[in-house]
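Per-entry structural report
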Amino acid sequence: MALVKAGVLVLDCAEPEKLAVFYKELLEGEEADATANRVEIKGADGFRIALRRDVNATPPSWPRPENSLQAHLEFVVDDLDAVERRVISLGGRPLEAKEPSGPLEERGYADPAGHSFTLRRTPPTAPKQG
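Residues numbered from 1 in each chain as written. Predicted model: local features only at pLDDT ≥ 70, side-chain atom pairs only at ≥ 80, totals over all residues. Heavy atoms only, no water.

Within an unreviewed UniProt entry, the label attached to the chain reads Glyoxalase-like domain-containing protein, and the organism entered is Streptomyces africanus.

As structure tokens, then:
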């Protein structure tokens, strides 16, 4: 029997109800639980994220050269341009506008409360031959 039944990523923010709308739409999910100080969203793929009220929350900054070890979310997508349009329509904003390098194509964003996340597209792999 597993010791841990489930994992939930929790982000602190001043207004969890408003931020929950962003993630609910982005993840095509549903509200799984809500209290006065916390809203949990379950994404269509089962990913869980909770938004916890912290009236003193300040948006994180990215990039932050003096302290680069920050947590951030990463979402794997098929169509970066389509998901980017959706992120912006929901109130997110781009964080970096540089050309991608290496085998992964990715772009950085901030949610409406300032938490950073990355959209990543992995190039399609060729089918196995033989």
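1. Some words on the packing of aromatic side chains
Evaluation of the coordinates by the stated rule reveals 5 aromatic pairs. With 5.7 Å between their ring centres and 25° between their planes, Y109 and F117 make a pair best called stacked. Residue F117 is classed as buried on the basis of its relative accessible area, which comes to 1%. Chaining the aromatic ring pairs together yields one cluster made of F22, Y23, F47, F75, Y109 and F117. (Phe/Tyr/Trp six-rings, centres within 6.5 Å; stacked < 30°, edge-to-face > 60°. Buried < 20%, exposed > 50% of the residue type's maximum accessible area, 1.4 Å probe, protein only.)

2. Focus: the pairing of strand β5 (residues 73-76)
Side-chain direction in a regular strand flips from residue to residue, so the side chains alternate between the two faces of the sheet. Of the two faces of β5, the one holding L73 and F75 is buried and the one holding E74 and V76 is not buried anywhere. As paired elements, β5 and strand β8 (residues 116-121) share 4 bridges and run parallel to each other. By the bridge assignment, E74 is partnered in β8 with T118. (Helix = DSSP H or I, 4+ residues; strand = E, 2+ residues; numbered from the N terminus. Pairing = 2+ DSSP bridges.)

3. Some words on the sheet that holds β8
Across the sheet, 4 strands lie side by side as β5-β8-β7-β6; this open sheet has mixed pairing. Whereas interior strands pair on both sides, the edge strands pair on one side only; in this sheet they are β5 and β6 (93-94). Across the sheet, helix α2 (residues 80-89) is in contact with β6, β7 (105-110) and β8; its angle to β8 comes to roughly 155°. (Contact = heavy atoms within 4.5 Å. Axes fitted to C-alpha atoms, helices over the stretch in contact; angles between N-to-C directions.)

4. Details of helix α1 (residues 16-26)
For α1, every residue scored as buried is listed here: P16, L19, A20, F22, Y23 and L26. Take α1 and look down its axis: the buried residues cluster within an arc of 160°, on one side only. Of the residues in α1, the exposed ones pointing more than 90 degrees away from the buried face are K18 and V21. Those residues of α1 hidden inside the fold are in contact with β1 (9-13), β3 (38-42), β4 (48-53), β5, α2 and β8. Just downstream of α1, E28 is the residue with a positive phi angle, here 50°. (Arc of directions from axis to C-beta.)

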